[in-house]
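An overview of the molecular structure
Spelled out from the first residue to the last, the chains are:
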Amino acid sequence: PIYAGRSWKVLPNNAMPASDNEYDFAASGDCLTTVGNTAFLITGGSKSRALRSDDGGLTWTASDNGIPAGESAGGFAGDFADQRHVVAVGGDFADPTDVQDTASYTTDGRTWTGGVNLTHVGEDVSFLGGPWTAVATGDYRGSTGTSLTTDGGRTWTRVSDQGYHAIECLPGGVCW
């Protein structure tokens, strides 16, 4: 029988990068995302980074994710189509009208390109299958909307003024 998730143990943290005043904003539930043994933690606060583990959380590397950091700002959520194609979204909860640099992406799983704009806070993101098409959404104090990328996160098009705190999509375009 398979008992996945029925028992847990705390992993050693000596291989985790230092993270003073760095946060994992968990409003969407997707600041931690996994596929196989690879995991990404998308952070904000004093630093806005993507922490990556390729061994089930035993060791981690950190990269700047390109979303501006701040006390209530940074990356809020991420998703990946595979270990190389990852998108992160975020913003600033203290200034939700500042929608500059609210998304970033990587095509090698390690080097992030920031400076990508949504027209709303990015609280969550989900790929629709394949490494290019994803949906980002957010609903926070007037910075509300849902956007679509078809180029792996390089550009985003607003598809709705309705936003949500969380989104999950399946290949083929079914989202909830």
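The present account deals with the structure reproduced in this document.

Definitions and limits used
- Per chain, residue numbering runs from 1 following the sequence as it is written.
- With pLDDT at 70 or above as the cut-off, local features in this predicted model cover only qualifying residues; side-chain atom pairs require 80 or more to be listed or tallied, and sums for whole chains, interfaces and linings still use all residues.
- Where side-chain values are given, they derive from all heavy atoms of the structure, hydrogens and water being excluded.
- Helix and strand definitions here come from DSSP, where helices need a minimum of 4 consecutive H or I residues and strands a minimum of 2 consecutive E residues; each element is numbered from the N-terminal end.
- Exposure is judged per residue with a 1.4 Å probe applied to protein chains only, and the accessible area is read against the type maximum: over 50% gives exposed, under 20% gives buried, and values in between give partly exposed.
- We call two residues contacting when some pair of their heavy atoms lies within 4.5 Å.
- Surface patches are drawn from residues lacking salt bridges whose relative accessible area is over 30%; two like charges belong together within 9 Å, two nonpolar side chains (Val, Leu, Ile, Met, Phe, Trp, Tyr) within 5 Å.
- Per-residue and other accessible areas were derived by the Shrake-Rupley procedure at a 1.4 Å probe size, with only the shown protein chains allowed to occlude residues.
- The salt bridge definition used is simple: a Lys or Arg side-chain nitrogen within 4 Å of an Asp or Glu carboxyl oxygen.
- Stacked, edge-to-face and tilted are the three classes for Phe, Tyr and Trp ring pairs, Trp counted by its six-membered ring, which pair at centre distances within 6.5 Å; planes under 30 degrees apart are stacked, over 60 edge-to-face, the rest tilted.

Within the secondary structure layout, serine 126 lies in strand β11 (residues 124-127). Taking the relative accessible area as the measure of exposure, serine 126 reaches 0% and is therefore buried. With residues near it in sequence (within four places) discarded, serine 126 still touches Asp79, Ala134, Val135, Ile167, Glu168 and Cys169.

For the rest of this paragraph, the subject is a nonpolar patch on the surface. Where nonpolar side chains cluster on the molecular surface, the patch consists of Leu170, Val174 and Trp176 and spans about 340 Å² of accessible area. Of note, tryptophan 176 is situated in the segment after β16 (174-175). Taking relative accessible area as the criterion, tryptophan 176 reaches 59% and is therefore assigned exposed.

Moving on, we get to the packing of aromatic side chains. Tallied over the full model, the rule gives seven aromatic pairs. Note on phenylalanine 25 and phenylalanine 76: the rings are 4.9 Å apart at their centroids and 75° apart in plane angle, and the pair reads as edge-to-face. Of the two residues, phenylalanine 25 sits in the loop between β1 (22-23) and β2 (32-35) while phenylalanine 76 sits in strand β7 (residues 70-80), which places them 51 residues apart along the sequence. Judged on exposure class, the residue phenylalanine 25 and its partner phenylalanine 76 are both buried. Geometrically, the ring pair formed by phenylalanine 76 and phenylalanine 93 is stacked, given 4.2 Å between the ring centres and 5° between the ring planes. Placement of phenylalanine 76 in strand β7 and of phenylalanine 93 in the loop between β8 (86-92) and β9 (103-106) is noted, with a sequence separation of 17 residues between them. Among the residues examined, phenylalanine 76 registers a relative accessible area of 2% and is labelled buried. Three or more aromatic residues joined by ring pairs make a cluster, and in this case those are Tyr23, Phe25, Phe76, Phe93 and Tyr140.

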